[in-house]
Amino acid sequence: MPRRKGAPEVNAGSMADIAFLLLIFFLVTTTIETDAGLDRMLPPIEPPDQDVVIKQKNIFTVNINKNGQLLVEDNLMNLKDLRKAATAFLENNADGSCTYCKGKKDQSSSDNPTKAIISLKNDRETKYSTYITVQNELVGAYNDLRNREAQRLYGQDFTKMEADYLNPETPSAIRDDLKDKVKRIQDMFPQKLSEAETSTN
Amino acid sequence: MAKFTKKKDGDLPAVSTASLPDIVFMLLFFFMTVTTMKDSSLMVENTLPNATEVKKLEKKDRVIYIYVGKPTQEYQKVFGSEPKIQLNDKFANVDEVGTFILAERAKKPQELQNVLTTALKVDKNANMGLITDIKQELRKVNALKVNYTTYEGDAFNNLQ
């Protein structure tokens, strides 16, 4: 006699167990990666075609020795003061061509932000953590100035504008708008951070 | 009377667990989507330094990773305790960095090959000598965009 009932119902009681098993597996293997860091451009290896003459007063030299001490413009300096010194150098504005700078116009310091160069040198035995701290302070000096100008012109921080611009989830209409603004602020204080080859002595 | 006694012993009904699988599945799918399987296990110590002025590394497919640090305990007998470079799954010398970058670059699609970033994940106790050598190698193969990967935090904590 054929059975009139359809296929018997599968017991779904153990579904939760199976799902839990999978869940625990993925919980354990998950690493929600937080990758963030300092973006830098290395200089190209080919030397420029012609030698560029740079006035000594437009270069802000930062030397780190193997003990992590700083020599800034031939003076020993505490790491905590570096950001302030770099900011003062960048917006010094000796030739008066920078209308938005608030520097002291010291004739023995940089002409204007587009000419100012920060040169960073380190010893082979310098610790990486010290190097990163110095890099962080120098980038911070640029960001402080850029934020100030962005606040004045557009009422928001440059770092936020740049992050929004680089974020692929921002709508393209907003990104197009931000592109010009970001570019303008970047041109006001172009980041010129040179890293020459390490000195060996 | 019988009516009342019946009500009395049924006063705490069991909580229905019928929706438990649904909840668990929801969590499961969340973790499945955010999971990124590690493609190489770390063979070096990798405590990154802190920095405040960080930028996020968007788009993982455009990043090449280089790890630097002291070999971990189990490898120290063979490789010593001086900081070493780890490329993918093995230790490497400085002069292998260039070929590694070129090989990784060749694996990527054509349109991404010019926008690659090299993420340097360096232990905070490493010396700059090794990093400078790596940077020199990167310059030789024209991989100029680098990212010193750090944790977010006060940079002055590095100095302790």
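Quick caveat, the model's predicted, so the values are computed rather than measured.

1. A few points about the overall build of chain B
Step number 1: Per the secondary structure count, chain B includes five helices and seven strands.
Step number 2: Moving toward the C terminus, one meets the helices and strands of chain B in the order α-α-β-β-β-α-β-β-α-β-α-β.
Step number 3: Projecting the C-alpha coordinates of chain B onto the three principal axes gives extents of approximately 95 × 40 × 35 Å.
Step number 4: Here chain B holds 160 residues, and 27% of them are scored as buried.
Step number 5: Across chain B, the fraction of contacts at a sequence separation of at least 24, relative to all contacts at a separation of at least 6, is 78%.

2. Points about the nonpolar core
Step number 1: Core analysis: the biggest nonpolar cluster contains 46 residues, and A:Ala86, A:Leu90, A:Tyr128, B:Ile66, B:Val68, B:Leu120 and B:Ile131 have the highest contact counts within it.
Step number 2: The greatest single-element share of this core, amounting to nine residues, is contributed by helix α3 (residues 128-154) of chain A.
Step number 3: Beyond its immediate sequence surroundings of up to four residues, A:Ala86 is in contact with A:Phe60, A:Ile118, A:Leu138 and A:Ala141.
Step number 4: In this structure, A:Ala150, A:Phe158, A:Met161 and A:Val182 belong to the second largest nonpolar core, which totals five residues.

3. Some details on the confidence of the model for chain B
Step number 1: Here chain B averages 82 in pLDDT, and 90% of its residues register 70 or above.
Step number 2: For this predicted complex, the interface confidence comes out at an ipTM of 0.74, alongside a pTM of 0.76.

4. Some details on the interface of chain B and chain A
Step number 1: Contacts between the two partners involve 48 residues from chain B, matched on the other side by 46 residues from chain A.
Step number 2: The set of elements that each furnish at least two residues to the side of chain B that touches chain A consists of α2 (20-34), β2 (55-56), β6 (117-122), α5 (128-140) and β7 (145-152) of chain B.
Step number 3: Considering each element in turn, the side of chain B that touches chain A owes the most residues, nine residues, to α2(B).
Step number 4: Per-class residue counts for the side of chain B that touches chain A are 26 nonpolar, eleven polar and eleven charged.
Step number 5: As paired strands, strand β1 (residues 36-41) of chain A and β7(B) are joined by six bridges and run antiparallel to one another. Within the sheet, the bridge partner assigned to A:Gly37 lies in β7(B) and is B:Thr149.

5. Some details on the pairing of β7(B)
Residues and elements named next belong to chain B.
Step number 1: Note: strand β1 (residues 50-51) against β7, two bridges, orientation parallel. Following the sheet pairing, Asn50 is matched in β7 by Tyr151.
Step number 2: Where β6 and β7 come together, three bridges link them in parallel fashion. Bridge pairing in β7 links Ala119 to Asn147.

6. Observations regarding the sheet that holds strand β4 (residues 75-77) of chain A
Residues and elements named next belong to chain A.
Step number 1: Across the sheet, five strands lie side by side as β4-β3-β2-β5-β6; this open sheet has mixed pairing. The open sheet terminates on both sides in strands that have one partner only, identified here as β4 and β6 (193-195). Taken pair by pair, the neighbouring strands of this sheet meet at an average axis angle of 30°, ignoring direction.
Step number 2: Bridge count between strand β5 (residues 117-122) and β6: three bridges; the pairing is parallel. Within the sheet, the bridge partner assigned to Ser119 lies in β6 and is Ser194.

7. Side note on the packing of α3(A) against helix α4 (residues 158-166) of chain A
Residues and elements named next belong to chain A.
Step number 1: Between α3 and α4, the shortest axis-to-axis distance is 7 Å and the interhelical angle comes to 90°. Between α3 and α4, the angle falls in the class roughly perpendicular. On α4, the residues that touch Asn143, Arg146, Asn147 and Ala150 of α3 are Phe158, Thr159 and Met161.

8. Things to note about the packing of helix α2 (residues 82-90) of chain A against α3(A)
Residue and element names in this part refer to chain A.
Step number 1: The geometry of α2 relative to α3 is characterised by a closest axis approach of 9 Å and an angle of 45° between their N-to-C directions. Between α2 and α3, the crossing angle belongs to the class labelled oblique. Of the two possible hands of crossing, α2 and α3 adopt the one that is right-handed. In contact with Leu82, Arg83, Ala86, Thr87 and Leu90 of α2, α3 contributes Val134, Glu137, Leu138, Gly140, Ala141, Asp144 and Leu145.
Step number 2: By residue class, the composition of the contact of α2 with α3 is seven nonpolar, two polar and three charged.

Parameters at a glance
Residues numbered from 1 in each chain as written. Chains lettered and ligands numbered in written order. Predicted model: local features only at pLDDT ≥ 70, side-chain atom pairs only at ≥ 80, totals over all residues. Helix = DSSP H or I, 4+ residues; strand = E, 2+ residues; numbered from the N terminus. Buried ≥ 20, exposed ≤ 12 C-beta atoms within 10 Å, placed from the backbone. Contact = placed C-beta atoms within 7 Å. Core = buried A, V, L, I, M, F, W, Y, C linked by C-beta atoms within 7 Å. pLDDT = per-residue confidence, 0-100. Nonpolar A, V, L, I, M, F, W, Y, C, P; charged D, E, K, R; others polar. Pairing = 2+ DSSP bridges. Axes fitted to C-alpha atoms, helices over the stretch in contact; angles between N-to-C directions. Parallel < 35°, antiparallel > 145°, perpendicular 65-115°, else oblique. Left-handed = near helix turned anticlockwise from the far one by under 90°.

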